[in-house]
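Breakdown of the fold
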Amino acid sequence: MRIAEIIRQKLTLAFAPDELTIEDESARHAGHSGARAEGETHFQVRIVSKVFEGMGRVERQRKVYAVLSEELKDRVHALALTTVATSEVDKIKT
């Protein structure tokens, strides 16, 4: 199974997101530290969820990192996160 799909499955189960976008940015990092020839090492994730209500940015990101801890130990080198509470969607730019 591809890493992006594993990320999608785990985040969907943990956060029941209203929105989830996962972009594999590995090609942009070819030749950089942590990059692998087969890719799937650098991701950008935007997740909107009710679960994030009342949490600060750091707490939200820690929760995502905890869910993806196995992938971050071995396969994923970089994970850029945008974590948004459902009630904040209309207040921020995408």
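Residues numbered from 1 in each chain as written. Predicted model: local features only at pLDDT ≥ 70, side-chain atom pairs only at ≥ 80, totals over all residues. Heavy atoms only, no water.

Within helix H2 (residues 57-67), burial applies to Arg60, Gln61 and Val64. The arc that holds the buried residues of H2, viewed along the axis, is 95 degrees, so those residues lie on one side. Along H2, exposed side chains directed more than 90 degrees from the buried face belong to Arg62 and Ala66. Each element contacted by the buried residues of H2 is listed here: helix H1 (3-15) and strand S3 (78-85). (Buried < 20%, exposed > 50% of the residue type's maximum accessible area, 1.4 Å probe, protein only. Helix = DSSP H or I, 4+ residues; strand = E, 2+ residues; numbered from the N terminus. Arc of directions from axis to C-beta. Contact = heavy atoms within 4.5 Å.)

Here we come to the side chain of Glu25. You can see Glu25 is positioned in the loop between strand S1 (19-24) and strand S2 (42-49). Exposure remark for Glu25: the relative accessible area of 11% places this residue in the buried category. Once you skip the residues sitting within four places of it in the chain, Glu25 turns out to touch His42, Phe43 and Gln44.

Grouped together as the largest cluster of nonpolar side chains are 18 residues, with contacts concentrated most on Ile7, Leu11, Val45, Val64 and Leu79. Residue assignment for this core shows that the elements contributing at least two residues are H1, S1, S2 and S3. At 5 residues, the largest contribution of residues to this core is made by H1. Aside from chain neighbours lying at most four places away, what touches Val45 is Ile7, Leu11, Leu20, Thr21, Ile22, Leu79, Ala80, Leu81 and Thr82. (Core = buried A, V, L, I, M, F, W, Y, C linked by side-chain atoms within 4.5 Å.)

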